[in-house]
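# Per-entry structural report
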Amino acid sequence: MATSNPAFSNSPAFSQSATKAIQWTQEPSAQQLDELYARSSATPDQMDRMTYENTIQKTVLAFVVLLATAAVGWFIPALMIPAAIVGFVLALVNIFKKKPSPALVLAYSAAQGLFVGGISGVFEVEYPGIVTQAVIGTFAVVGVTLALFASGRIRASKRATKIFLVAMVGYMVFSLINMGLMLFGVTDSAFGLRSEPGPFGIPWGVLIGVFVILLASYSLVLDFDAVKTGVERGAPAIYGWTAAFGIMVTVIWLYLEILRLLAILRGSE
């Protein structure tokens, strides 16, 4: 199953069409085969292959770095804009780099931490308690999605992924139009068209926010599916950093969408 997350889709290690990572470069001799049969079985870790355990470790480390710099961004919100620019550049570098770089992934985590911490601090001043609510909401969505995926109750499908991609393109177009309207002063609402009342007086931002959170949840399913493919294909352990980067991109997106949804709800009270 192809994933829409470019962190995974641009890496052959997570492609279903990829061949097994462990292959003979030449035909083994009878003596080599005897030696192999005599050896004890090696674990994926010993073979320096990607496992769920070492991928989780890399992902946790990336989020620890993000949280550490988020604390700095919280107290120095002026770093938010330059951090967003640096984070965007590092995201592109990580996406198009053929071989994962742990240093670049952690640098991206640090930059995004400054941005997330800064914007969270700004929202917290305007809507006290909103960050705690957004964090709890993010953990809840990630936890439920992971539990459903691990139990086999939810899986990525070709049809659902096509619908997801179309919806993502539509959301990106809407976001660009909304940003343009805000920049040119066509709308003076805090969140542009999102703040405008929709059906039954519910702000459009609430309806769109719920829809986008569902999109982010499905994106997580695609990410988990890509990790599963990498482990089953015996991808080199270094690609665990690609997995950590991809999951981080989705979780940050999910958190920011939940944060904005809560702000719109609080603003409409």
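The structure we're discussing is the one just above.
Now for a quick tour of the structure. These figures come from a predicted structure and were not determined experimentally.

### Focus on a nonpolar patch on the surface
Taken together, the side chains of Ile81, Ile85, Phe88, Val89, Leu92, Val93 and Phe96 define a hydrophobic patch exposed on the protein surface, amounting to about 690 Å² of accessible area. Inspection of the secondary structure assignment puts Leu92 in helix 4 (residues 80-96).

### Things to note about the side chain of Thr69
Among the secondary structure elements, Thr69 is positioned in helix 3 (residues 52-75). Of the residues examined, Thr69 reaches a relative accessible area of 16% and is grouped as buried. At a separation of 2.9 Å, a polar atom in the side chain of Thr69 contacts the main-chain carbonyl oxygen of Ala110. Setting aside chain neighbours within four positions, we find Thr69 in contact with Ser109, Ala110, Gly113 and Leu114.

### Considering empty space enclosed by the protein
One pass over the structure, following the stated rule, counts one cavity of 30 Å³ or more. Volume-wise, the largest cavity comes out at about 50 Å³. Surrounding the largest cavity, Tyr171, Arg194, Gly205, Ile208, Gly209, Glu257, Arg260, Leu261 and Ile264 form its lining. Contributing elements (two or more residues each) for the lining of the largest cavity: helix 8 (204-232) and helix 9 (240-267). In terms of residues, the lining of the largest cavity owes the most to one element, helix 9, which gives four residues. Grouping the amino acids of the lining of the largest cavity by side-chain chemistry returns four nonpolar, two polar and three charged.

### Section: the environment of Ala78
Residue position: Ala78 is located in the loop between helix 3 and helix 4. Considered as a pair, Ala78 and Ile119 are 41 residues apart in the sequence and their alpha carbons are 9.6 Å apart.

What counts, and where the lines are drawn
Residues numbered from 1 in each chain as written. Predicted model: local features only at pLDDT ≥ 70, side-chain atom pairs only at ≥ 80, totals over all residues. Heavy atoms only, no water. Patch = residues over 30% accessible without salt bridge, like charges linked within 9 Å, V, L, I, M, F, W, Y side chains within 5 Å. Areas by Shrake-Rupley, 256 points an atom, 1.4 Å probe, with all protein chains shown as cover. Salt bridge = Lys/Arg side-chain N within 4 Å of Asp/Glu carboxyl O. Helix = DSSP H or I, 4+ residues; strand = E, 2+ residues; numbered from the N terminus. Buried < 20%, exposed > 50% of the residue type's maximum accessible area, 1.4 Å probe, protein only. Polar contact = N/O pair within 3.5 Å; in protein donor to acceptor, adjacent residues only side chain to side chain. Contact = heavy atoms within 4.5 Å. 1 Å grid on protein atoms, 1.4 Å probe; cavity = no way out; pocket = protein on both sides within 12 Å on 5 of 7 lines; lining within 4 Å. Points joined across faces, edges and corners; volume = space filled by probe spheres on them. Nonpolar A, V, L, I, M, F, W, Y, C, P; charged D, E, K, R; others polar.

Remember that the coordinates give geometry; whether it matters functionally is a separate question.
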